[in-house]
Amino acid sequence: MTVSDSPMSLALVTLRGRWFMAYASFLIMSAAGATYIFAIYSKDIKTTLGYDQHDTTLTQQTLNTLGFFKNLGANVGIHAGLIAEVTPTWTILAIGSAMNFFGYFMIYLAITGKSARPHVWQMCLYIAIGANSQAFANTGALVTCVKNFPESRGVVLGLLKGFVGLSGAIFTQLYLAFYGTDSKSLVLLIAWLPAAISAVFLRTIRLMKPARSENEMKTFCSILYISLALAIYLMVAIILQKRFTFNHAEYGVSAAVVLFLLFLPVAVVIKEEIKSYRSKSQLPQNNPQRPKEPISGTDHTATKLTTPADSSIEAKGGLLPRIVKTFKSPKHGEDYTILQALVSIDMIILFIATVFGVGGTLTAIDNMGQIGESLGYPQRSIATFVSLISIWNYAGRVASGFGSEILLSKYKLPRPVLLAFVLLLSCVGHLLIAFGLPFSLYISSVVIGFCFGAAMPLILGIISELFGLKYYSTLYNFGGMASPVGSYLLNVRVAGRLYDREAERQNGKLAGSSEKALTCIGVQCYKHAFLIITAVTVASAVVMLVLAWRTREFYRGDIYAKFREGSESERVDSSLEEKMGEKSDSK
């Protein structure tokens, strides 16, 4: 074994490599879904703090207000993207870590009585800050990982978003093992665990030279298989824990299996990094004429040259040419500025389709409990619907990530076409809810969970492909804002109003006088709402086909060509530097 193959050298290479960076991103994402388990500890906030305790209706309204600020914090991340444009990645992760710990730790102190009882606005502020840390984690880890693996961006988005989808179930298993059934301590776990993971990998998550390896897809597939095993295990564990009573030791065993599956991808990462390192170290000896691969772990910054002609044009131009140049969109695939992307027709089309297409699936997910209640399903079945949505949400994310990448590379099938297909498929779930057929809610839960999961990697992938990666931190967060906007329009303004109207019709003048009187029973409770949602979702799919037609020439070409050309030029430069070094040594 040579000095370069010593355990210390191999360990350093692994820790500095792109694959270990990707694994660190997976871990951060697996702890970035605390907002998905708000229902577990929301009852503690309601009962312990006793807001408006003389009026149960107002208490629920207060809790809904907290839930709104949670969603607001989780989905508004434009500021995180703007900060990421001017600061290194570790700054974003550090800010997110501090916000996560502060927000959720203050909630923990409040519900355990270890601090003075906060006002409602203070609790709203705490939960918004804690939830907003999720936007910083996504910006720091996910966006950086996409930039480091630009030719596998669909796969990366699918995997990372898949781990976010599993994070709620992962948190549940860990807190049951650590703290038993004490749901207050779950808030403490949410406070310190994501913050600690981000803090550990502050220097690991960083931009590197995008150098595609020959077995890149194979390595990602290996990680996919492990994540599938984790998802299947979590589903089985959830089912068994609902049917049987587990003791603390059994919860501990279950958590140990989860941790084992979370750490198992390290073996894949180490194997890939060592293989890559040894092939590079042997390259000069075996084939000196072959260009040297860029060393993974160094920062890569693209620079744009400005010719004297361009400078003279800018100097002679007046105000109007400057304004036209500012808003004029470059070709698809080139790096748009933030302003150019936001005002482009393509971004407006994508935003509208996301608002009304994905917003419909969010409406179904948010109302699944009440939908099941109105259709007469027992509480155990309603809990099963939630679990089905969670697992199939993960399945949709990884399927769309891997599937779209394969279909794009082999058959030039554009992602906008796939997104249109996903939106049309979600209409099946909406119609099943609207007509309330027997046992149809089981199928609807699977379809809607899958489609919601599949849509987001496709949307984020389209943004990165059409508008470039230079300002992807900001554009990624802008794209993420569309679905909650749609949820508000379709959930609050459409489904909520029509539900209350039907409840008032069923209960007459009693509706509104008590919480129980507003309960609606029957197919009519959500029928008209989901017929409307189906219609706007079909319209969204048509809009996406318009985007596919506008970008057809772009997707017919090689959209990753510039990344391969950049890698080749870097390899040539490295080879020339190596030859010059050999000549100087011989002298």
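Computed from a predicted structure; not experimentally measured.

1. Focus on the overall build of the protein chain
In terms of helices and strands, the protein chain carries 25 helices and zero strands. Across the 587 residues in the protein chain, those meeting the buried criterion constitute 51%. The contacts in the protein chain between residues at least 6 apart in sequence include a share of 83% that link residues at least 24 apart. Surface accessibility of the protein chain: about 27,000 Å² in total, with carbon and sulfur atoms responsible for 65%.

2. A few points about the pattern of salt bridges
Taken as a whole and assessed by the stated rule, the structure comprises six salt bridges. For Glu-216, the salt bridge is made with Arg-18, and the minimal N-O distance between the two is 3.4 Å. Here Arg-18 lies in helix α2 (residues 18–30) and Glu-216 lies in helix α10 (residues 216–243), a separation of 198 residues in the sequence. Between Glu-465 and Arg-415 there is a salt bridge, with its nearest N and O atoms 2.5 Å apart. Note that Glu-465 is positioned in helix α20 (residues 440–467) and Arg-415 in helix α19 (residues 415–435), a separation of 50 residues in sequence. Here the two residues Glu-465 and Arg-415 agree in accessibility, since each one is buried. Through salt bridges with shared partners, a single network forms among Glu-405, Arg-415 and Glu-465.

3. Observations concerning helix α22 (residues 482–507)
Counting along an α-helix, one turn takes 3.6 residues, and residues three or four places apart therefore face a common direction. For α22, with 26 residues, the first-to-last C-alpha span of 36 Å sits near the 38 Å given by 1.5 Å per residue. All of the buried residues along α22 are Ala-482, Ser-483, Gly-486, Ser-487, Leu-490, Asn-491, Val-494, Ala-495, Tyr-499, Glu-502 and Ala-503. Tucked into the core, α22 has its buried residues touching α16 (345–366), α17 (368–374), α21 (472–480) and α23 (524–550). Phi for Gly-508, located one or two positions after α22, is positive at around 65°.

Each value, and the rule that gives it
Along every chain, residues carry numbers that run from 1 in the direction the sequence is written. Where local features are concerned, this predicted model is filtered to residues with pLDDT of at least 70; where side-chain atom pairs are given and counted, the filter is 80 or more; whole-chain, interface and lining totals use all residues. Note that water and hydrogens are dropped before the side-chain values are worked out from all heavy atoms of the structure. What counts as a helix is a DSSP run of H or I of at least four residues, what counts as a strand is a run of E of at least two, and both are numbered from the N terminus. Each residue is assigned to one of three classes by its accessible area relative to the maximum for its type, calculated with a 1.4 Å probe on protein chains only: buried under 20%, partly exposed between the two thresholds, exposed over 50%. Residues are treated as being in contact if the distance between any of their heavy atoms lies within 4.5 Å. Note on areas: these come from Shrake-Rupley sampling with a 1.4 Å probe, and a residue is covered only by the protein chains present in the view. One side-chain nitrogen of Lys or Arg within 4 Å of one carboxyl oxygen of Asp or Glu is enough to make a salt bridge. Multiply 1.5 Å by the residue count of a helix minus one, and that product is the helix's expected span.

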